[in-house]
Structure formats: C-alpha cells, structure tokens
Amino acid sequence: QLQLVEPGGGLVQPGGSLRLSCAASGTTSDYVGIAWFRQALGREWEGVSCITGGASTVYAESVKGRFTISIDGAKKTVFLQMNSLKPEDTDVYFCAASENFHSSDLLSVTEYDYWGQGTQVTVSS
C-alpha cells in the first residue's frame, strides 16, 4: 500500500514558476511509476508527466519544455518543476502511482492505482 501526499501548490503570476512535490509513504517498491495529472471542475483528466522506476520520463505536449519531473534517490518524493506558467495551467494537480503498467500509455488515468488528495495551482495576475 502506498500513501501519496502533495504539499505545495498555490497562486503564481503568469510566467512564474512553482514546484510541486509528491511524498510517498508505505512500501515504495509497490510502484513502477508516478505521474502527475490535472483536472479542473467539469473537465477531463489530463496526464501531465510520468517518471518510471527506471527514470524514464513522459510529458504531455502542452507542458513539454516548461515542466520537469524528477525523483529523489530514495524514490520517496517526486517533484514537478513548473516554469513559464500560463493561466491555462490553472487546475487541481494530483499525483498517482502505478503498481504495474498494462499499456504503453503512461499518462492514462486507468494505469494508476494510488492517488493523492490533489493540490490547487492557480496562475493569475
């Protein structure tokens, strides 16, 4: 079992930066990858980025070149560095962990078994 907690989030001006963190507790060997998703009320989930146990990374086209996902050496905390933020990045951001990938779509919500509670990111002047 894994528990995921996402402190951070907040309000930032357009063009600014913010770093989200996702702290995993429990048996960290239970997951093969951790991803960030985002969702605003009434909208579909969007997979933002994923990092696998082998440190491979995947990014949505909408954030490539602006966001960077990383993991600490103990594999207990995953970070999402968000630069050049835009108003359309405003969303609730969730981290999620997968026990086992069943497809090559690592940014699909159906691949993930454990979820954090979400943290609000607001990009506004």
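That block above? That's the structure.
Residues numbered from 1 in each chain as written. Predicted model: local features only at pLDDT ≥ 70, side-chain atom pairs only at ≥ 80, totals over all residues. Heavy atoms only, no water.

Caption draft 1: Expanded view of the sheet that holds strand 1 (residues 2-5). The strand order across the open sheet built from 4 strands is 1-3-8-7, with neighbouring strands paired in antiparallel fashion. Looking at which strands have only one partner, the edges of the open sheet turn out to be strand 1 and strand 7 (67-71). Sheet twist, expressed as the mean angle between neighbouring strand axes with direction ignored, is 15 degrees. Sheet analysis places strand 3 (residues 18-26) next to strand 8 (residues 77-82), joined by 6 bridges and oriented antiparallel. Bridge pairing in strand 8 links Ser 21 to Phe 79. (Pairing = 2+ DSSP bridges. Helix = DSSP H or I, 4+ residues; strand = E, 2+ residues; numbered from the N terminus. Axes fitted to C-alpha atoms, helices over the stretch in contact; angles between N-to-C directions.)

Caption draft 2: How the structure looks around the environment of Ala 60. Along the chain, Ala 60 falls in the loop between strand 6 (57-59) and strand 7. Distance from Ala 60 to Gly 26, taken between C-alpha atoms, is 28 Å for residues 34 residues apart in sequence. Filtering out sequence-adjacent residues up to four positions away, Ala 60 remains in contact with Glu 46, Gly 47, Val 48 and Leu 107. (Contact = heavy atoms within 4.5 Å.)

Caption draft 3: Structural detail: the packing of aromatic side chains. On inspection of all chains with the given rule, the structure shows 5 aromatic pairs. Measuring from centroid to centroid gives 5.1 Å for Phe 37 and Trp 115, while their planes differ by 45 degrees, and the two rings are tilted. Of the two residues, Phe 37 is situated in strand 4 (residues 33-39) and Trp 115 in strand 10 (residues 114-115); the sequence distance between them amounts to 78 residues. A relative accessible area of 31% means that Trp 115 is categorised as partly exposed. Geometrically, the ring pair formed by Phe 101 and Tyr 112 is edge-to-face, given 5.9 Å between the ring centres and 75 degrees between the ring planes. You can see Phe 101 sitting in the loop between strand 9 (91-98) and strand 10 and its partner Tyr 112 sitting in the loop between strand 9 and strand 10, a full 11 residues away along the chain. (Phe/Tyr/Trp six-rings, centres within 6.5 Å; stacked < 30°, edge-to-face > 60°. Buried < 20%, exposed > 50% of the residue type's maximum accessible area, 1.4 Å probe, protein only.)

Caption draft 4: Focus on the nonpolar core. Of all hydrophobic cores here, the largest spans 34 residues; its most connected members are Leu 20, Trp 36, Phe 67, Leu 80, Met 82 and Tyr 93. Put simply, the parts of the chain that give this core at least two residues each are strand 1, strand 3, strand 4, strand 5 (46-52), strand 7, strand 8, strand 9 and strand 11 (119-123). Setting aside residues up to four positions removed in sequence, Leu 20 forms contacts with Gly 8, Gly 9, Trp 36, Val 78, Phe 79, Leu 80, Met 82, Tyr 93, Thr 119 and Val 121. (Core = buried A, V, L, I, M, F, W, Y, C linked by side-chain atoms within 4.5 Å.)

Caption draft 5: Seen up close, the pattern of salt bridges. If you walk through the whole model with that rule in mind, you get 6 salt bridges. When salt bridges with common partners are traced through the structure, they connect Arg 38, Arg 43, Glu 46, Arg 66, Asp 89 and Asp 91 into a single cluster. (Salt bridge = Lys/Arg side-chain N within 4 Å of Asp/Glu carboxyl O.)

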